[in-house]
Amino acid sequence: MQTVRELEVLRNSVAALRDSGGSIALVPTMGALHDGHLTLVRRAKEAADHVVASIFVNPRQFGEGEDLDAYPRQLQRDSELLEAEGVALLWAPLPEEVYPPGYATNISVAGVSEGLCGGDRPGHFDGVATVVCKLFNQVMPDMAFFGEKDWQQLAVIRRMARDLDLTRPRVDAIHGVPIVREDDGLAMSSRNAYLSAEQRQQAASLPKAMRDAIAVIAGGGSAGRPLGNLREVLQVAGFESVDYAEVRDADSLERLEADNGNARLFVAARIGGTRLIDNMPISR
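It should be emphasised that the depicted structure is a prediction, and the values quoted were computed from it without experimental measurement.

1. Some points on the overall build of the chain
Across its full length, the chain carries 10 helices and 10 strands. For the C-alpha atoms alone, the extent of the chain along its principal axes is close to 55 × 40 × 40 Å. Residue burial in the chain is summarised as follows: out of 284 residues, 52% are buried. As displayed, the chain has an accessible area near 12,900 Å², and 47% of this comes from carbon and sulfur atoms. Each charge sign in the chain was given a centre, from 30 positive and 40 negative side chains, and these centres are 2 Å apart.

This is the structure:
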């Protein structure tokens, strides 16, 4: 596996992959890889001839007081994992390579970026859309793979690609991969590493509370009471706060009061200072 840290070298390396024939898939990450990320790589390998992975902790998607400095960085370990999965090229630029001095452009996606994590983290999805657009332009992949744990992020990226008429990748080649979960149901996340042993046990109440709420919502009626119960269950379990617990349309992300046949439950909650997010379909 070739590791590249400069843009000019990246472009030459991607051109060499294209000259060798076949398609290219991109798997963007911020590192601290776990089996959820590696599942994206495996899906990409099934679909494309060459896989390019990126590791970049994007400063523009972290707000004031968030964990940019504390975010885990373990490039050597991550590189070994990606090489073992057969990744052809790792793009691991420094911040100044992505945002050189004088950089002044920002991409903002209205609608799907509003509410949920967009409401709690102002400017977050501007940073996501900007860096992903840059990654697409740098690598020019035929397809790209993202985890569905960040469902709103995936919606923002697809809307950005559609609105800007991107062709590499086209919007229908931006693939979402289902959430990979631990044995107790907790969604895999790099931020799970922040949890103490006790907090990690308490965190397992999140997916269970969501499944219990979904069972009630899917049976009909308003989502108000089961969402209120969900909040109470999490607070009793040890979560300090629930940022949101909402039912939304899976495509438009418009808020719903009941299941519409295409609904998902979205939750963000904090435990021990760590913010965990999850989402699940209501209609099956």
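Picking up after the structure, the text goes on.
2. Quick look at the sheet that holds strand E2 (residues 24–29)
Ordered by their spatial adjacency, 6 strands build an open sheet running E1-E4-E3-E2-E5-E6, and the pairing between neighbours is parallel. At either margin of the open sheet sits one strand with a lone partner, and together these are strand E1 (2–4) and strand E6 (174–177). Strand-to-strand twist in this sheet, taken as the mean axis angle between neighbours without regard to direction, amounts to 25 degrees. Pairing of strand E5 (residues 143–147) with E6, which is carried by 4 bridges, proceeds in the parallel orientation. Pairing of Phe 145 across the sheet is with His 175, part of E6. Helix H1 (residues 7–19) contacts E1, E2, strand E3 (50–55) and strand E4 (89–91) of the sheet and is inclined by roughly 155 degrees relative to E4. Its contacts with the sheet place helix H3 (residues 75–84) against E3 and E4, and it is angled at close to 165 degrees to E3.

3. Thoughts on the nonpolar core
Phe 136 and Met 160 are the most contacted members of the largest nonpolar core, which has 44 residues in total. Listing elements by their share of this core, those giving two or more residues are H1, E2, E4, helix H5 (116–120), helix H6 (124–139), E5, helix H7 (151–163) and strand E9 (263–271). Element by element, the count of residues in this core is highest for H6, at 9 residues. Sequence-distant contacts of Met 160, defined by excluding residues within four places in its chain, comprise Ile 107, Val 109, Ala 129, Val 132, Cys 133, Phe 136 and Leu 166. Ranked by size, the runner-up nonpolar core spans 26 residues in total, among them Met 210, Ile 214, Leu 230 and Val 247.

4. Quick notes on the UniProt feature "active site" (unreviewed entry) in the chain
Mapped onto this structure's residue numbering, the UniProt feature "active site" (unreviewed entry) falls at His 37. The topology assignment puts His 37 in helix H2 (residues 35–47). Residue classification places His 37 among the buried residues on the basis of a relative accessible area of 13%. In this structure, His 37 is in contact with Thr 29, Gly 31, Ala 32 and Ser 190, ignoring residues within four places of it in sequence.

5. Re the pattern of salt bridges
Within the structure shown, the criterion is met by 18 salt bridges. The partner of Glu 85 in a salt bridge is Arg 42, with the nearest N and O atoms 2.9 Å apart. Placement of the pair is Glu 85 in the loop between H3 and E4 and Arg 42 in helix H2, with a sequence separation of 43 residues. On the accessibility criterion, Arg 42 (33% relative accessible area) is partly exposed. One network of salt bridges, with partners in common, ties together Asp 120, Asp 243, Arg 270 and Arg 275.

Thresholds applied
- Residues numbered from 1 in each chain as written.
- Predicted model: local features only at pLDDT ≥ 70, side-chain atom pairs only at ≥ 80, totals over all residues.
- Heavy atoms only, no water.
- Helix = DSSP H or I, 4+ residues; strand = E, 2+ residues; numbered from the N terminus.
- Buried < 20%, exposed > 50% of the residue type's maximum accessible area, 1.4 Å probe, protein only.
- Areas by Shrake-Rupley, 256 points an atom, 1.4 Å probe, with all protein chains shown as cover.
- Lys, Arg positive; Asp, Glu negative; His and termini not counted.
- Charge placed at Lys NZ, Arg CZ, Asp CG, Glu CD.
- Pairing = 2+ DSSP bridges.
- Axes fitted to C-alpha atoms, helices over the stretch in contact; angles between N-to-C directions.
- Contact = heavy atoms within 4.5 Å.
- Core = buried A, V, L, I, M, F, W, Y, C linked by side-chain atoms within 4.5 Å.
- UniProt positions renumbered as here; feature names shortened; annotations may be inferred.
- Salt bridge = Lys/Arg side-chain N within 4 Å of Asp/Glu carboxyl O.

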